[in-house]
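Descriptive analysis of the structure
Next come the chains, spelled out residue by residue.
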Amino acid sequence: MSIAKLLFTTILLTCLPLAAFAASGQVAAMGGLVTAAGSSGQTVVLHKGDSVNKGDVITTDANSWVVLSMEDGASLTLRPKAKLRIVDYVYDPDNPQNGRSWLTLLQGALRSVTGAIGKLNHASYQLTTPTATIGIRGTDYDVDVVPAGNSEGFAPGTYHTVHAGGTVFKGQDGQSINVKPSQDVFTGSGSPHPRRMQARQRSVWTDIGNFDFKEKISGVLDDLHQRINGGYTLNLQKLNRGRDQVQRYLDRHPDEAARRGLLQSAGRQAAPESAMQSRLQHGKWHPGEPYFAPGSPESGNPNKHHGTSQQQHYKEPRESGKHGSGNK
């Protein structure tokens, strides 16, 4: 290469935005065997601190898990035998309309806590599964793609619950429903219209929650995010870049920010730990449903008890007529 061409290439690369070079994210924590198959077809074993990029398919082995910390402050938690494709991931805080968080969950269970991309332009966020599409109006949710012939006897399809914020859940028939915290929805190939889950179906979260507890995954999320009500939201202090842009957005849109779960507004404090423990020991609740302090706007029916964000997926106490085997 001539000196002139080398100089031109150097100038061109210097002028490109930082987003063009940044990795989509990195492995924040993991256990077991986790691999990434790149767009080139090469598969590598991941370790803590390794980067993940656009085009990668992340796969977890049996009894394995990984938490990916994305460049915009989001996190993606994959449980055993899960497979996630990073279709595209672009964080451009100076031009949020260019941002993209496009993901495809091919199988298994994922917990997603959205970051600055979804906050600055929530239309730029989309997660698809074989039977559903999820768009966000908020922050923290779980999704589980259950295959046909699973040992638990669940109907194959996409199971979804929200911990904080909200989502728009669309089925194969094009119909969509809004999902709020503590709500559970389902759609499958034999049931393309999205609908609220039944009590039997809600027990899909039990084994997932027990696995999270055993692996102490909530401790990893505590380190990455800010707690809000029954879930998590973006922690601005964890952003390596774009912190000022996101803060300015929050300052300009305080009402919208609070509605989407970006800010913890008055009256929405989490219940004290002693009350949480009491609910765990004596209360009745559905896995996947956050617990709110009595009298808070989210508490709703005062007779309906929920788990906390830290304990929200534990098994229910064994009790006649309740789903899940539970812990005594």
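No experiment lies behind these values; they were computed from the predicted model shown. (Residues numbered from 1 in each chain as written. Predicted model: local features only at pLDDT ≥ 70, side-chain atom pairs only at ≥ 80, totals over all residues. Heavy atoms only, no water.)

Within the secondary structure layout, Arg100 lies in strand β9 (residues 100–113). Remark: the alpha-carbon pair of Arg100 and Val87, spanning 13 residues in sequence, is separated by 9.4 Å. Aside from chain neighbours lying at most four places away, what touches Arg100 is Asp88, Tyr89, Val90, Ile117 and Ser124. Polar contacts involving the side chain of Arg100 include one to the main-chain carbonyl oxygen of Asn98, which spans 3.4 Å. (Helix = DSSP H or I, 4+ residues; strand = E, 2+ residues; numbered from the N terminus. Contact = heavy atoms within 4.5 Å. Polar contact = N/O pair within 3.5 Å; in protein donor to acceptor, adjacent residues only side chain to side chain.)

This brings us to the pairing of strand β13 (residues 157–164). Of all eight residues in β13, eight are buried, a share of seventy percent or more. With seven bridges connecting them, strand β12 (residues 140–146) and β13 associate as antiparallel partners. Residue Val145 lies in a different strand from β13, and its bridge partner there is Thr158. The sheet contact formed by β13 and strand β16 (residues 184–188) spans four bridges and is antiparallel. Of the residues in β16, the one forming a bridge with His160 is Val185. (Buried < 20%, exposed > 50% of the residue type's maximum accessible area, 1.4 Å probe, protein only. Pairing = 2+ DSSP bridges.)

With the rule as written, the count across this model stands at nine salt bridges. Note that Asp222 is salt-bridged to Arg227, the shortest N-O span being 3.1 Å. Here Asp223 and Lys238 are joined by a salt bridge, their closest N and O atoms 3.9 Å apart. With Asp223 in helix α5 (residues 217–224) and Lys238 in the loop between β19 (231–233) and α6 (243–252), the pair connects residues that are 15 residues apart, well separated along the chain. (Salt bridge = Lys/Arg side-chain N within 4 Å of Asp/Glu carboxyl O.)

What follows concerns the side chain of Asp88. Looking at the secondary structure, you find Asp88 in strand β8 (residues 83–90). Here the side chain of Asp88 touches Arg100 through a polar contact of 2.5 Å, side chain to side chain. With residues up to four places along the chain from it excluded, the contact list for Asp88 reads Lys54, Arg100, Ser101 and Trp102.

Counting 42 residues, the largest nonpolar core has Ile58, Leu127 and Val246 as the members making the most contacts within it. Of all hydrophobic cores here, the second largest spans 11 residues; its members include Val67, Val113, Phe211 and Leu224. (Core = buried A, V, L, I, M, F, W, Y, C linked by side-chain atoms within 4.5 Å.)

Turning our attention to the environment of Ile228. Structurally, the position occupied by Ile228 is in strand β18 (residues 226–228). Owing to a relative accessible area of 4%, Ile228 belongs among the buried residues under this scheme. Separated by 89 residues in sequence, Ile228 and Thr139 have C-alpha atoms that sit 9.5 Å apart.

Because each turn of an α-helix spans 3.6 residues, side chains separated by three or four positions end up pointing in the same direction. Buried residues of helix α4 (residues 204–215): Val204, Trp205, Thr206, Ile208, Gly209, Phe211 and Asp212, and no others. In the segment just after α4, Lys216 is the residue with positive phi, at about 60°.

The next point concerns the packing of aromatic side chains. Applying the stated criterion across every chain yields a total of two aromatic pairs. For the ring pair Phe154 and Tyr159, a centre distance of 6.1 Å and an interplane angle of 65° mean the geometry is edge-to-face. Note on Phe154: relative accessible area 13%, which makes it buried. Residue classification places Tyr159 among the buried positions, given a relative accessible area of 0%. On the basis of an interplanar angle of 50° and a centroid distance of 4.6 Å, the ring pair of Tyr159 and Phe186 is categorised as tilted. Of this pair, Tyr159 sits in strand β13 while Phe186 is found in strand β16, placing the two residues 27 residues apart along the sequence. (Phe/Tyr/Trp six-rings, centres within 6.5 Å; stacked < 30°, edge-to-face > 60°.)

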